[in-house]
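Examining the three-dimensional arrangement
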Amino acid sequence: MTDSPIKTSEQIAALKGLLTPIADREPGPVLLCLQAVQGHYGYVPEGAVAVVAEVCNVTRADVHGVFSYYSDLKKSPPPAISVRLCAAEACQAVGGRGLAAAWSEACAADPKLAAATGTDEPVFCLGNCALGPAALVNDQLIGRANVATLKSAVEAAQNVTEATR
C-alpha cells in the first residue's frame, strides 16, 4: 500500500469539500464519490474510504464493497505511462494473448520499461476490433499492436512527459 495523501484534518476537510456536493445532489453517491476521489488523486488512497463512508452516510464496508467490485478503481497511484492491452475475444483471436506474454517478457527484461509502465492492465474492448490486437498507451489507441509499436508509443509518451516538465 502506498503512503496515503489523506492524513491531516486539512486534507480530510479538502476531500469532504470535494465529495459533499456529490453526496448532496445524487442518490446512492458512493460510486460517484469514489470516482471523484480517483479523478482527484489518480487512485483511491487508503484514507478516502472512511471519508466517503462518512460523507455518504454509509458504512466503510459498503464503500469497500463498491470499491473492490469496480476494477477501474485503483488503490495505488497509476504508473507514469499507462499500457492497457485489449483482452476481448476479437483481439485474442488475432494474437492478443501472445502480445500480452511478449509485453510481459519485454518488461521483465527491461527494468526501466517496467518501472515506467507498471504492470499491463487488461481492458475489455477498445472498439478497434478490425485492427487487433489493440492497445492503449496513455490515451493513444494503437491498432495491430506489437512490442515494437508499444515501446515506440511508450518512448513518445516519455518524450511528451519530459517536454512538459
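This text gives an overview of the structure that appears in the document. (Residues numbered from 1 in each chain as written. Predicted model: local features only at pLDDT ≥ 70, side-chain atom pairs only at ≥ 80, totals over all residues. Heavy atoms only, no water.)

In this section: the overall build of the protein. A tally of regular secondary structure across the protein gives eight helices and three strands. Each principal axis of the C-alpha distribution contributes one length, and for the protein these read about 50 × 35 × 25 Å. Residue burial in the protein is summarised as follows: out of 165 residues, 35% are buried. Contacts in the protein between residues at least 24 apart in sequence constitute 60% of all its contacts with a sequence separation of at least 6. Accessible surface for the protein amounts to roughly 9500 Å². Of this, 54% is attributable to carbon and sulfur atoms. (Helix = DSSP H or I, 4+ residues; strand = E, 2+ residues; numbered from the N terminus. Buried < 20%, exposed > 50% of the residue type's maximum accessible area, 1.4 Å probe, protein only. Contact = heavy atoms within 4.5 Å. Areas by Shrake-Rupley, 256 points an atom, 1.4 Å probe, with all protein chains shown as cover.)

Below, the discussion takes up the packing of aromatic side chains. Under the definition given, this model contains one aromatic pair. Consider the rings of Tyr-69 and Tyr-70, whose centres lie 5.0 Å apart with planes at 85°: the pair is edge-to-face. (Phe/Tyr/Trp six-rings, centres within 6.5 Å; stacked < 30°, edge-to-face > 60°.)

To continue, consider helix α6 (residues 96-109). Helix length check: α6, at 14 residues, gives a terminal C-alpha distance of 20 Å against a target of 20 Å (1.5 Å per residue), a fit within 8%. Burial in α6 covers these residues: Gly-96, Leu-99, Trp-103, Ala-106 and Cys-107. Along the long axis of α6, the arc covered by the buried residues comes to 95°, so they all point the same way. Opposite the packed face of α6, turned more than 90 degrees from it, sit the exposed residues Arg-97, Glu-105, Ala-108 and Ala-109. Against the buried residues of α6 lie β1 (83-85), α5 (89-93), α7 (111-117) and α8 (147-163). (Expected span 1.5 Å × (residues − 1). Arc of directions from axis to C-beta.)

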